[in-house]
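# Working through the structure, step by step
One-letter residues, chain by chain:
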Amino acid sequence: MPAEFALPATSVAPLPPAPLDLVLEHAHEVRDKVEECVVDLAAQNEAVKQQIADGATTVPAHVSLREGEAIEAKVQECADDLHEVTEALAHGVEDLKKIESALADSRDALAQAEERLSAANDEEMRSRQQAMHDAATGLPNRNLFNDRLQHAISLAERHDWTLAVLFLDLDHFKSINDTHGHAAGDLVLNEIARRLQLQMRDEDTVCRYGGDEFLYLLVNPQGAQNVERIVQHIHATIAVPIKMDALELLVSPSIGVALFPDHATTCAELIERADAAMYVAKKQMCGYAFCEQP
């Protein structure tokens with residue numbers, strides 16, 4: 001093409017970042033323009049061919065250039081638009097990569113936060129377990145027992161129930177420690193705890209009160225006679241010999257019983273009255289004793 005007909009160079013400024021959907025829409029518009037250019041160029045070629053077929057041996061250059069000027073401008077416009085779309089898509093791809101990277105970082109951070117939260121919850125549960133349970137036997141400790149006893153008293157007052165608090169002390173436990181060592185003593189405590197847990201109902205609670213002493217809460221045991229039957233069964237269960245290697249360790253409990261509301265109406269009083277009844281049973285070597293009427 002002669003220099004006088006050359007189109008001036010166009011300086012294309014990059015598009016500012018735009019939403020990807022707008023960039024894609026612009027790309028479709030450019031595609032339509034390109035297709036129009038193809039159609040126009042094909043039409044011009046056909047026109048030239050027709051002129052030659054009609055007998056024209058040559059087509060004047062200025063005529064050809066004049067007829068192609070509009071198409072040339074449209075092609076240049078398409079080139080500019082394609083450049084803009086390419087730049088915008090490059091920005092969009094880069095932004096998508098940044099977004100994907102940020103999302104990946106966020107997912108990692110969320111996973112780490114969930115792990116830390118899970119660990120914190122586990123630690124909290126362990127702390128609560130340690131705070132409310134006996135380390136040696138795994139039974140509830142006296143704090144948890146008091147909470148459950150207070151709750152049971154509230155229910156008993158509302159529903160006119162009876163409660164029974166049993167205070168158990170293992171006879172001659174000290175001699176087992178002295179004769180066979182503390183390992184034997186720990187074995188006995190854990191076995192007694194296991195047997196008591198097997199005896200209790202879901203609504204009842206067994207706790208290690210301290211040393212070789214245990215508390216047993218019976219919720220709504222349906223009368224003193226039924227309580228006595230349960231106490232006899234617990235006494236017989238604990239008195240079964242405990243095997244340790246070739247040894248059979250013999251323990252038996254002294255059990256004191258206090259009833260709500262007959263003997264006391266508060267946590268402290270019920271435990272105190274059951275403790276006093278236990279000493280009566282130990283002194284009289286009768287296995288168990290009920291609290292005397294206050």
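Before any of the text, the structure's been laid out above.
These figures come from a predicted structure and were not determined experimentally.

All right, on to the pattern of salt bridges then. A complete count under the given rule lists 8 salt bridges for this structure. Among the ionic pairs, K282 bridges to D171, the shortest N-O distance being 2.5 Å. Here D171 lies in strand β1 (residues 163-171) and K282 lies in helix α7 (residues 267-284), a separation of 111 residues in the sequence. On the basis of relative accessible area, K282 is assigned to the partly exposed category, the value being 27%. What makes D171 buried here is its relative accessible area of 14%. For D204, the salt bridge is made with R201, and the minimal N-O distance between the two is 2.9 Å. When salt bridges with common partners are traced through the structure, they connect D169, D171 and K282 into a single cluster.

This part covers the packing of aromatic side chains. In the structure shown here, the tally under the stated rule is 1 aromatic pair. Summarising the aromatic geometry, the rings of F167 and Y209 are spaced 5.3 Å apart at their centres and angled 70 degrees between planes, so their arrangement reads as edge-to-face. Within this pair, whereas F167 is found in strand β1, its partner Y209 is found in strand β2 (residues 205-210), the two being separated by 42 residues in sequence. Looking at F167, the relative accessible area reads 1%, which means it is buried. In this structure Y209 comes out as partly exposed when scored by relative accessible area, which is 22%.

Within the element layout of this structure, R208 appears in strand β2. Under the relative-accessibility criterion, R208 is labelled buried at 15%. A polar contact of 3.3 Å, which involves the side chain of R208, links it to the side chain of D134. Once residues lying within four places of it in the same chain are set aside, the contact partners of R208 are D134, A136, T137, L139, P140, N141, R142, L189, E213 and F214.

Criteria and cut-off values
- Residues numbered from 1 in each chain as written.
- Predicted model: local features only at pLDDT ≥ 70, side-chain atom pairs only at ≥ 80, totals over all residues.
- Heavy atoms only, no water.
- Salt bridge = Lys/Arg side-chain N within 4 Å of Asp/Glu carboxyl O.
- Helix = DSSP H or I, 4+ residues; strand = E, 2+ residues; numbered from the N terminus.
- Buried < 20%, exposed > 50% of the residue type's maximum accessible area, 1.4 Å probe, protein only.
- Phe/Tyr/Trp six-rings, centres within 6.5 Å; stacked < 30°, edge-to-face > 60°.
- Polar contact = N/O pair within 3.5 Å; in protein donor to acceptor, adjacent residues only side chain to side chain.
- Contact = heavy atoms within 4.5 Å.

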